[in-house]
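Fold and contact review
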Amino acid sequence: MDEAPSVGLVLTGGGARGAYQAGVLRAIAQRLGPRRPSPFRVVTGVSAGAVNAAFVAAHADDFDMATRRLWELWASLRVSDVYETGPVELSRTGLRLAAELSLGAWVHGPRTNHLLDTRPLRRLLEAQLDLPSIARRLEDGTLGAVAVSATNYGTGTSVTFFDGAARLAPWVRTSRLSTRVELTPAHVLASAALPIFFPPVRIGNGYFGDGCIRNGTPLSAAIRLGADRLLAIGVRELSSPESTRWKNETAFLTDQPPLARIAGVLLNAVFLDSLETDVERARRINDTLGHIPLGERRALPLRRLPLMAIRPSRSLSTLGTDLLDSFSPPVQHLLRGLGASRDTGRDLMSFLAFDQSYTEPLLKLGLEDGLAHGGAVDELLSAA
């Protein structure tokens, strides 16, 4: 079975926007029908995509069941399932940070490096992720490889933690490397640790944060793990050149942008832009190779890679009810302190709104988009 062509699934990050991916995957499962193994032999994920990837990989023997349970997880989610939302916890962090900023060296002990406590998320992952099943899926051949990526805060290196067939060798590049491990909830939690907001996660002798921070080539891990065609699911709508031009000619800020807006732009750049860049790069390589005779192409270290990317048909930050209402009063207070309001900071809040009032519309849009692309997905999978 290792000799068979491998379809790779690439799931990028984006906090609560990861619910959209679960919707797309559910659409694919509905088209395949019940009691079918996963069509994806290689599964990779980053940030929230790491949670979805681990879920799909662990249940690769029954794709319909995996996507149904993943949908249910996102649909029932509450903010309090991901991070502490009580006044005591948030006040403790806020007061500590205020003291450090105002008193500097006079404050002793470890410095505050996050705004939100994600112990609930760790408990959720430990309860929901059946990661030991990954070894069984690798052994029975329904899965070829799985990987999640995180950023080493000590070295600034993007680290891909993978498991798969013995023939797969680790790789090292200038600012990224891989290491073979048996995946644990800590690896997934580290990959999903939004910088500044979520605490770093200790793995071995290092502290790790969200894998999107330094992951400029999200397609790379799946390719190196043996995928010869790819389906990537992003969480940001594709903006045409005309749309980009129109927005920059018509949208103006009359006041200084609040921190919430700046943070939203920053998170979009860190978490959402790399997939578009990597897809464009892969398609340029495919196009270039298509102009080279097949005999000459075989001598090159490059190969054509069938590639499909599904992205939201609408902006995810505009979906759902008033995002601010999905948070507890203490979290609302924190967000308002950053300048968020009912009209400002939706991009930032969309990363943190782990609540069914927001995730359910994302799930439904993902299902709609997945079904709309069903024919193209079928073609990609059947060609394998």
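Use the structure listed above.
As a convention, each chain's residues are numbered from 1 in the sequence order in which they are written. The predicted origin of the model limits local features to residues at a pLDDT of at least 70 and limits the giving and counting of side-chain atom pairs to 80 or more, whereas totals for whole chains, interfaces and linings rest on all residues. Derived side-chain values reflect all non-hydrogen atoms in the structure, with water molecules and hydrogen atoms excluded from consideration.

**Brief notes about the pattern of salt bridges**
- Salt bridge, as used here, is a side-chain nitrogen of Lys or Arg placed within 4 Å of a carboxyl oxygen of Asp or Glu. By the definition in use, this model includes 12 salt bridges.
- Two residues, D117 and R119, come together in a salt bridge whose shortest N-O distance is 2.7 Å.
- Relative accessibility thresholds used throughout: buried, under 20% of the residue-type maximum; exposed, over 50%; partly exposed, between the two (1.4 Å probe, protein chains only). On the accessibility criterion, D117 (18% relative accessible area) is buried.
- In this structure, the salt-bridge partner of R137 is D140, at a minimum N-O distance of 2.9 Å. Taken together, the positions of R137 and D140, both in helix α6 (residues 132-140) and 3 residues apart, correspond to about one turn of that helix.
- We classify R137 as buried; its relative accessible area is 12%.
- Linked by salt bridges that have partners in common, R26, D64 and R68 make up one network. A run of H or I in DSSP counts as a helix once it spans at least four residues, and a run of E counts as a strand once it spans at least two, with each numbered from the N terminus.

**A short note on helix α14 (residues 356-372)**
- Helix span, expected: 1.5 Å multiplied by one less than the number of residues in the helix. Compared with an ideal rise of 1.5 Å per residue, which puts 17 residues at 24 Å, α14 spans 23 Å between its outermost C-alpha atoms and is within 8% of the ideal.
- When we look at burial in α14, the residues that qualify are Y358, T359, L362, L363, L365, G366, L367, D369 and G370.

**Considering the packing of helix α1 (residues 18-32) against helix α3 (residues 63-75)**
- Only C-alpha atoms enter the line fits that serve as axes; for helices the fit covers just the stretch in contact. Angles between N-to-C directions range over 0 to 180 degrees. Across the interface, α1 lies against α3 with an axial gap of 9 Å and an inter-helix angle of 150°. By the angle class used here, α1 and α3 are roughly antiparallel. Our pair here, α1 against α3, has a crossing hand that is left-handed. Of α3, the residues touching α1 (which contributes G18, A19, A22, G23, L25, R26, I28, A29 and L32) are F63, D64, T67, R68, L70, W71 and W74.
- Amino acids outside the nonpolar list (Ala, Val, Leu, Ile, Met, Phe, Trp, Tyr, Cys, Pro) and the charged list (Asp, Glu, Lys, Arg) are all regarded as polar, and Gly is one of them. Split into classes, the residues belonging to the contact of α1 with α3 amount to 10 nonpolar, 3 polar and 3 charged. In what follows, roughly perpendicular refers to angles from 65 to 115 degrees, roughly parallel to angles under 35, roughly antiparallel to angles over 145, and oblique to any angle outside these ranges. Left-handed describes a crossing whose near helix is turned anticlockwise from the far helix by less than a right angle; the clockwise case is right-handed. For this analysis, residues touch if any pair of their heavy atoms sits within 4.5 Å.

**What to know about the packing of aromatic side chains**
- When the centres of two rings from Phe, Tyr and Trp lie within 6.5 Å, Trp using its six-membered ring, the rings pair. Their planes under 30 degrees apart give stacked, over 60 give edge-to-face, and anything left gives tilted. For the coordinates displayed, the defined rule picks out 6 aromatic pairs.
- A ring pair is formed by W74 and F354, whose centres lie 6.5 Å apart and whose planes are at 20°; its orientation type is stacked. Taken together, the residues W74 in helix α3 and F354 in the loop between α13 (346-352) and α14 connect sequence positions 280 residues apart. Comparing W74 with F354 shows no difference in burial state: the two are buried.
- Ring centres 5.7 Å apart and planes at 25° place the aromatic pair F162 and W171 in the stacked group. The burial state of F162 is the same as that of W171; both residues are buried.
- Pairwise contacts between aromatic rings join W74, Y83, F198 and F354 into one cluster.
- One Lys or Arg, R17, reaches over the ring of F351 and ends 4.8 Å from the middle of that ring. Geometrically, a lysine NZ or arginine CZ counts as sitting over a ring once it is within 6 Å of the ring centre and also within 35 degrees of the ring normal.

**A word on the nonpolar core**
- With 90 residues, the main nonpolar core has F40, Y83, F197, F198 and L352 as its most contacted residues.
- With 8 residues, helix α2 (residues 48-58) is the single largest residue contributor to this core. By nonpolar core is meant a set of buried Ala, Val, Leu, Ile, Met, Phe, Trp, Tyr and Cys residues that side-chain atoms within 4.5 Å join together.

**Topic: the pairing of strand β3 (residues 145-152)**
- Buried residues dominate β3, accounting for 8 of its 8 residues.
- Any two strands with at least two DSSP bridges between them are considered paired. Of the pairings in the sheet, the one linking strand β2 (residues 42-46) to β3 comprises 5 bridges and is parallel in character. Considered in β3, the bridge of G45 is made with V148.
- Two strands pair when backbone bridges link them, and β3 and strand β4 (residues 158-164) are joined in this way by 7 bridges, in the antiparallel orientation. Residue pairing for β4: V148 is matched across the bridge by F161.
- Pairing analysis gives 3 bridges linking β3 to strand β7 (residues 206-210), with the strands arranged antiparallel. Bridge pairing links T151 to G209 in β7.

**Structural notes on α6**
- Among the residues making up α6, those that are buried are S133, I134, R137 and L138. One side of α6 carries all its buried residues, which in axial view fall inside an arc of 145°. Opposite its buried face, α6 presents the exposed residues P132 and E139, each directed more than 90 degrees away.
- Looking at the packing, one finds that the buried side of α6 touches α2, β3 and β4. By construction, the arc corresponds to the directions joining the helix axis to the C-beta atoms.

**A closer look at a nonpolar patch on the surface**
- Like-charged residues are merged into a patch within 9 Å and nonpolar side chains (Val, Leu, Ile, Met, Phe, Trp, Tyr) within 5 Å, provided each residue has over 30% relative accessible area and no salt bridge. Note on areas: Shrake-Rupley with a 1.4 Å probe; residue coverage comes only from the protein chains shown. There is a patch of nonpolar side chains on the surface, built from Y153, Y207 and I213 and spanning about 270 Å² of accessible area.
- Its location among the elements puts I213 in the loop between β7 and α8 (220-224).
- Judged by its relative accessible area of 30%, I213 is partly exposed.

**Comments concerning unusual backbone geometry**
- Positive phi, normally seen in glycine, also occurs at R35, with a value near 55°.
- Mapped onto the elements, R35 comes out in the loop between α1 and β2.
- Take R35: its relative accessible area is 71%, and that puts it in the exposed class.
- Located in the positive-phi region is S47, a residue other than glycine, with phi close to 60°.

**So, the environment of L367**
- When you line up the elements, L367 lands in helix α14.
- Assessed through its relative accessible area of 19%, L367 is described here as buried.
- Here the alpha-carbon distance between L367 and Q30, two residues 337 residues apart in the chain, equals 9.6 Å.
- Those residues in contact with L367 that lie beyond four places of it in its chain are G23, V24, R26, A27, Q30 and W71.

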